[in-house]
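Read off the chains here:
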Amino acid sequence: MLRVVPVPVLLNNYAYIVTAPGGARAVVDPGEAGPVLDVMGEGRLDLIFLTHHHADHTGGAVALARATGARISGAAADAHRLPPLDLPLQQGDTVPLGPEHLCALETPGHTSGGLSFYAPQSGLVFTGDTLFLAGCGRLFEGTAEQMFRSLQRLAALPPQTRVYPGHEYTLDNLAFGARVEPENTAIQHRHNTLRASGSPTVPGTLAEEQETNVFLRAPSAQRLAEIRARKDASA
Ligand code: ZN
Ligand code: FE
C-alpha cells in the first residue's frame with residue numbers, strides 16, 4: 001500500500017509525498033521545494049510527478065530533482081512548457097514506484113495537457129486541477145466537452161478510490177454546490193462535517209464525489225459549462 005502525506009504549499013496548494021513499501025518515494029506537484037524537503041527529511045526521492053504545467057504545481061520540481069536525483073515525469077504533450085522531463089507520459093503509460101505503479105490518465109480541460117495519476121493497487125488518484133473535492137478546475141485551455149470527458153474518465157475508476165486534488169478548495173466548492181443543488185442533503189452534510197472538523201479535507205473518495213460534486217454530476221458537457229460559468233462568476 002502506498003502511503004500519502006499531503007504537504008500544504010504556497011497559498012492553498014497540496015504537494016503529496018508518496019512512499020511505497022520498501023522505501024521508494026515520489027512527490028506529486030511540488031509547487032515549491034522547501035516545505036517538501038522539510039517534511040521528507042533525509043532519504044531518497046525517486047520520482048516527481050507533474051499533473052500540469054502551471055507554476056503552482058511545478059515550481060519546486062527542478063530544485064527537488066537537483067537535490068535528490070529524482071526523475072521528473074509529466075505529459076509528453078506539454079514537454080515544451082514543463083520542467084525538463086525524464087519520463088514523458090501519454091495516456092495509459094505506467095511508472096513503477098516500488099512494487100506498485102502509477103498510471104497516467106490524460107485529463108485535459110483545465111489545461112490541454114493535464115494528467116491525472118492513478119495507483120490501481122492502492123486505489124488512489126492524483127487529479128491536479130482537473131477534479132477538486134466537490135469541484136473542478138477552471139477551463140483555461142480546454143473546452144467543457146474535454147473537461148466533461150476527463151471527469152467521466154475519473155468517475156469510471158472504482159468508487160472507493162481516494163482522490164488527492166491539487167488545491168484545498170473543498171468548503172468553498174461545497175457551499176457553491178449547495179446553491180446549485182439546494183435539495184442535495186449529501187452536499188449539506190459533507191459541508192457541515194468538514195467545516196466542523198476544521199482540518200485538511202483531503203483525500204476524498206470518488207463515491208463521495210459522485211454524491212456531492214455538482215461538476216462530476218453534470219449529465220452533459222453543456223450542463224457542466226453552465227455550472228462552470230456560474231462558479232467563475234461567483235468567485
Ligand atoms: Zn492549474
Ligand atoms: Fe493550481
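Our structure's up above, just so we're on the same page.
Here the structure is a predicted model, which is why all the values come from computation and not from measurement.

K.L.:
Please explain the overall build of the chain as it appears in this structure.
P.N.:
When helices and strands are tallied, the chain shows eight helices and 14 strands. Since a compact globule built from 235 residues should have a radius of gyration of about 18 Å, the 17 Å found for the chain is in line with a globular shape. The C-alpha extent of the chain, read off along each of the three principal axes, is 50 × 35 × 30 Å. Relative to its 235 residues, the chain shows a buried fraction of 54%. Nonlocal contacts in the chain, meaning residues at least 24 apart in sequence, comprise 58% of its contacts between residues at least 6 apart.

K.L.:
What exactly am I supposed to notice about the nonpolar core here?
P.N.:
Most often, soluble globular proteins keep nonpolar side chains buried together rather than apart. Counting 52 residues, the largest nonpolar core has Leu-97 and Phe-126 as its most contacted members. Per-element tally for this core: the top contributor is helix α4 (residues 144-155), with five residues. Residues contacting Phe-126, with those up to four places away along its chain left out, are Val-4, Tyr-16, Val-18, Val-28, Thr-51, Leu-102, Ser-116, Phe-117 and Tyr-164. Among the nonpolar cores identified, the runner-up in size contains 18 residues, and Val-36, Ile-48, Ala-70 and Leu-82 belong to it.

K.L.:
Got a minute to help me understand the coordination of the iron ion (ligand 2) in this structure?
P.N.:
Angles between donor atoms at a metal ideally measure 109.5 degrees for a four-coordinate tetrahedral arrangement and either 90 or 180 degrees for a six-coordinate octahedral one. Note on the iron ion (ligand 2): its protein donors are Asp-56 (OD), His-57 (NE2), Asp-129 (OD) and His-167 (NE2). The metal-donor distances range over 2.1 to 2.3 Å. Sequence positions of the donors to the iron ion (ligand 2) reduce to the motif D-H-x71-D-x37-H. The distance between the iron ion (ligand 2) and the zinc ion (ligand 1) comes to 3.1 Å, with Asp-129 serving as a donor to both metals. Here Asp-129 is found in the loop between β10 (124-128) and β11 (131-132), whereas its partner His-167 is found in the loop between β13 (162-165) and α5 (170-180), with 38 residues between them in sequence. Of the two residues, Asp-129 and His-167, neither departs from the other in class, the shared state being buried.

K.L.:
How should the sheet that holds strand β1 (residues 3-9) be read in this particular structure?
P.N.:
The strands making up a sheet associate through backbone hydrogen bonding, with each pair oriented either parallel or antiparallel. A sheet is described by the order of its strands in space; here six strands give the open sequence β1-β2-β3-β4-β5-β6, paired in mixed fashion. Each having just a single partner strand, β1 and β6 (87-89) make up the two edges of the open sheet. In this sheet, adjacent strand axes meet at a mean angle of 20° when their direction is disregarded. Pairing analysis gives seven bridges linking β1 to strand β2 (residues 13-19), with the strands arranged antiparallel.

K.L.:
In this structure, what is going on with the coordination of the zinc ion (ligand 1)? I would like to understand it.
P.N.:
For the zinc ion (ligand 1), every protein donor is listed as His-52 (NE2), His-54 (ND1), His-110 (NE2) and Asp-129 (OD), and the spread of their distances is 2.2 to 2.3 Å. The coordination sphere of the zinc ion (ligand 1) comprises four donor atoms, whose angles at the metal cover 87 to 171°; the geometry is irregular. Taken in sequence order, the residues that donate to the zinc ion (ligand 1) follow the motif H-x1-H-x55-H-x18-D.

K.L.:
Would you take a moment to explain the packing of α5 against helix α6 (residues 185-197) for this structure?
P.N.:
A packed helix pair is summarised by two numbers, namely the angle formed by the two axes and the spacing between the axes. Running from N to C, α5 and α6 point in directions that differ by 150°, and their axes come no closer than 9 Å. The angle between α5 and α6 places the two elements in the roughly antiparallel class. Seen from above, α5 lies across α6 with left-handed handedness. Here Thr-170, Leu-171, Leu-174, Ala-175, Gly-177 and Ala-178 of α5 come into contact with α6, specifically with Ile-187, Arg-190, His-191, Leu-194 and Arg-195. When grouped by side-chain class, the residues that make up the contact of α5 with α6 number six nonpolar, three polar and two charged.

K.L.:
Mind showing me how you'd approach the pairing of β13 here?
P.N.:
Side-chain positions along a regular strand alternate between the two faces of the sheet. Pairing of β10 with β13 involves four bridges; the strand directions are parallel. Looking across to β13, one finds that Leu-124 is bridged to Arg-162. Bridge analysis of β13 against strand β14 (residues 204-205) gives two bridges, and the strand direction is antiparallel. Within the sheet, the bridge partner assigned to Val-163 lies in β14 and is Gly-204.

K.L.:
What is the right way to look at the packing of α4 against helix α8 (residues 221-234) in this model?
P.N.:
Remark: α4 packs on α8, axes separated minimally by 8 Å, with the N-to-C direction vectors making an angle of 105°. In terms of their interaxial angle, α4 and α8 are classed as roughly perpendicular. Mapping the contact onto sequence places Ala-144, Glu-145, Met-147, Phe-148 and Leu-151 in α4 and Ala-221, Leu-224 and Ala-225 in α8. Among the residues forming the contact of α4 with α8, the class breakdown is seven nonpolar, no polar and one charged.

What counts as what
- Residues numbered from 1 in each chain as written.
- Chains lettered and ligands numbered in written order.
- Predicted model: local features only at pLDDT ≥ 70, side-chain atom pairs only at ≥ 80, totals over all residues.
- Heavy atoms only, no water.
- Helix = DSSP H or I, 4+ residues; strand = E, 2+ residues; numbered from the N terminus.
- Rg over C-alpha atoms; globule rule 2.2 N^0.38 Å.
- Buried < 20%, exposed > 50% of the residue type's maximum accessible area, 1.4 Å probe, protein only.
- Contact = heavy atoms within 4.5 Å.
- Core = buried A, V, L, I, M, F, W, Y, C linked by side-chain atoms within 4.5 Å.
- Donors = N, O, S within 2.8 Å, 3.2 Å for Na, K, Ca; no water.
- Pairing = 2+ DSSP bridges.
- Axes fitted to C-alpha atoms, helices over the stretch in contact; angles between N-to-C directions.
- Tetrahedral: all angles 85-135°; square planar, octahedral: opposite > 155°, others 65-115°.
- Parallel < 35°, antiparallel > 145°, perpendicular 65-115°, else oblique.
- Left-handed = near helix turned anticlockwise from the far one by under 90°.
- Nonpolar A, V, L, I, M, F, W, Y, C, P; charged D, E, K, R; others polar.

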